[in-house]
Amino acid sequence: MSLVLPGLLSQRLPIQLGSTRGLHYIVMEHLVGETLDEILVRRKRLPAAEACRLVDQLLDGLDHLNDNRMIHRDVKPANLMIVLARQMGKPDNTLEATI
């Protein structure tokens, strides 16, 4: 199974769903970046525009999961990957990153 998440990640997030011994699992691609939790530890808080942009992306993703009859039961900063890690010589912001 593959879910297409418009505007999120690399436009296509291949996943494998399965279960073994009564436990369900999801296998996702490896992402290079930082979690929102790591960014908040380093920066303490985000400007309103950055926070709103990330929350908007998060809500789009959750809405897409809901449309596909799936739920995310552990939404928290430590589980939100921000793709495009901070680059040396560039401002420390998430304006060009994708959640």
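Being a predicted model, the structure only gives us computed values, none of them experimental.

What counts and how
Residues numbered from 1 in each chain as written. Predicted model: local features only at pLDDT ≥ 70, side-chain atom pairs only at ≥ 80, totals over all residues. Heavy atoms only, no water. Helix = DSSP H or I, 4+ residues; strand = E, 2+ residues; numbered from the N terminus. Buried < 20%, exposed > 50% of the residue type's maximum accessible area, 1.4 Å probe, protein only. Contact = heavy atoms within 4.5 Å. Areas by Shrake-Rupley, 256 points an atom, 1.4 Å probe, with all protein chains shown as cover. Patch = residues over 30% accessible without salt bridge, like charges linked within 9 Å, V, L, I, M, F, W, Y side chains within 5 Å. Salt bridge = Lys/Arg side-chain N within 4 Å of Asp/Glu carboxyl O.

**Q** I would appreciate a short explanation of the overall build of the chain in the present structure.
**A** Check the secondary structure of the chain and you find 2 helices and 5 strands. Overall, the chain shows an N-to-C arrangement of helices and strands of β-β-β-β-α-α-β. Residues classed as buried in the chain amount to 26% of the 99 residues present. Pairs at least 24 apart in sequence give 53% of the contacts found in the chain among residues at least 6 apart. Carbon and sulfur atoms make up 56% of the accessible area of the chain, which totals about 7300 Å².

**Q** For this particular structure, what's the right way to read a nonpolar patch on the surface?
**A** Residues Leu-17, Ile-26 and Met-28 make up a contiguous nonpolar surface patch of about 290 Å² in total accessible area. Along the chain, Ile-26 turns up in strand β3 (residues 23-28).

**Q** How should the pattern of salt bridges be read in this particular structure?
**A** Side chains carrying opposite charge are able to pair once their charged atoms draw close together. Under the counting rule described, the total for this entry stands at 3 salt bridges. Here Arg-43 ties to Glu-50 by a salt bridge, and the two come within 3.3 Å at their closest N and O atoms. Residue Arg-43 shares its accessibility class with Glu-50, and that shared class is buried.

**Q** Honestly, unusual backbone geometry in this entry has me stumped. Any pointers?
**A** For residues other than glycine, phi is negative in most cases, and the peptide bonds are mostly trans. In this model, Arg-21 sits at a positive phi of 50 degrees, which is unusual for a non-glycine residue. By the secondary structure assignment, Arg-21 is in the loop between β2 (13-20) and β3. Overall, Arg-21 belongs to the exposed group, its relative accessible area being 83%. Despite not being glycine, Lys-44 shows a phi value in the positive range, around 75 degrees. Along the chain, the position of Lys-44 falls in the loop between α1 (36-43) and α2 (48-67).

**Q** What is the right way to read the environment of Leu-31 from this model?
**A** Tracing the backbone through its elements, the reader meets Leu-31 in the loop between β3 and β4 (33-35). The sequence separation of Leu-31 and Val-83 amounts to 52 residues, and the corresponding C-alpha distance is 6.9 Å.

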